Amino acid sequence: MDSLIPFTTSGSLVDCVDRKMMVVLRDGRKLIGVLRSYDQFANLVLEDTVERIYHADVYAERWQGLYLIRGENVVLLGEVDLDQEDDVPLRQVDWTVLEPYHKQDIDTKKKRDEYKAGVLYEQKGFCKEGGEGDGY
């Protein structure tokens, strides 16, 4: 009977080792690298890692190298399809060009989220718990 229960633990990551993966973190950062190792807490080790930011139809990447990610910070983990990776209809630009726009997007989202939280608190009776800056 136990054999019918699918892997829902970090053991299901065994097929992802040595593959190019994208990781979305709780703070919104997107990291792309080769998954080299993981443990029972879903802590991840990425090699040849880049951080990628987006704005409109462009993106930029910044080299990060070897990256250790605490499992509780992972929101999403997905494999990058190497056959379709170059077919993405986005244009790559330099990090320094895109970073100010990305920071502006983050500030705009933060203000919008604060406004929504205020409305929910004042008009709908929601509490203000979870104020750690974690949108997930």
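Coordinates for the structure precede this section.
For clarity, every value in this text was computed on a predicted model and none was experimentally measured.

Conventions and cut-offs
- Residues numbered from 1 in each chain as written.
- Predicted model: local features only at pLDDT ≥ 70, side-chain atom pairs only at ≥ 80, totals over all residues.
- Heavy atoms only, no water.
- Helix = DSSP H or I, 4+ residues; strand = E, 2+ residues; numbered from the N terminus.
- Expected span 1.5 Å × (residues − 1).
- Buried < 20%, exposed > 50% of the residue type's maximum accessible area, 1.4 Å probe, protein only.
- Polar contact = N/O pair within 3.5 Å; in protein donor to acceptor, adjacent residues only side chain to side chain.
- Contact = heavy atoms within 4.5 Å.
- Pairing = 2+ DSSP bridges.
- Core = buried A, V, L, I, M, F, W, Y, C linked by side-chain atoms within 4.5 Å.

### A word on helix 1 (residues 95–124)
So, point 1. When the terminal C-alpha atoms of helix 1 are compared, their 41 Å separation across 30 residues agrees well with the 44 Å that a helix rising 1.5 Å per residue should span.
So, point 2. Along helix 1, the positions that sit buried rather than exposed are Trp-95, Leu-98 and Gly-118.
So, point 3. With its phi angle positive at about 80°, Gly-125 sits one or two positions after the end of helix 1.

### Some remarks on the side chain of Thr-49
So, point 1. Mapped onto the fold, Thr-49 is located in strand 3 (residues 44–55).
So, point 2. Reaching out from Thr-49, the side chain makes a polar contact with the backbone oxygen of Leu-46 at a distance of 3.3 Å.
So, point 3. Dropping the residues within four chain positions of it, Thr-49 is found in contact with Leu-31, Ile-32, Gly-33, Arg-62, Trp-63, Gln-64, Gly-65 and Tyr-67.

### Quick word on the pairing of strand 3
So, point 1. One ladder, built from seven bridges, connects strand 2 (residues 30–38) with strand 3; its direction is antiparallel. Counterpart to Leu-35 in the pairing with strand 3 is Leu-46.
So, point 2. Where strand 3 meets strand 4 (residues 58–69), ten bridges bridge the pair, whose relative direction is antiparallel. Opposite Leu-44, over in strand 4, you have Ile-69 as the bridge partner.

### With respect to the sheet that holds strand 2
So, point 1. Strand order in this open sheet of six strands is 5-1-2-3-4-6, and the pairing throughout is mixed. Each edge of the open sheet carries a strand with a single partner, namely strand 5 (74–79) and strand 6 (91–92).

### Remarks on the nonpolar core
So, point 1. By size, the foremost hydrophobic cluster in this structure holds eleven residues: Leu-13, Cys-16, Met-21, Val-23, Leu-25, Leu-31, Leu-35, Leu-44, Leu-46, Tyr-67 and Ile-69.
So, point 2. Elements with a contribution of two residues or more to this core: strand 1 (20–25), strand 2, strand 3 and strand 4.
So, point 3. Per-element accounting of this core gives the leading share, three residues, to strand 1.
So, point 4. What Cys-16 contacts, discounting residues up to four positions off in sequence, is Met-21 and Leu-35.

### Focus on the side chain of Arg-52
So, point 1. If you trace the backbone, Arg-52 turns up in strand 3.
So, point 2. Owing to a relative accessible area of 15%, Arg-52 belongs among the buried residues under this scheme.
So, point 3. Looking at Arg-52, its side chain comes within polar contact range of the side chain of Glu-61, at 2.4 Å.

### A look at the environment of Asp-48
So, point 1. Summarising the element assignment, Asp-48 is placed in strand 3.
So, point 2. Spatially, the C-alpha atoms of Asp-48 and Val-34 are 6.4 Å apart, while their sequence positions differ by 14 residues.
So, point 3. For Asp-48, the contacting residues outside a window of four places in its chain are Ile-32, Gly-33, Trp-63 and Gly-65.

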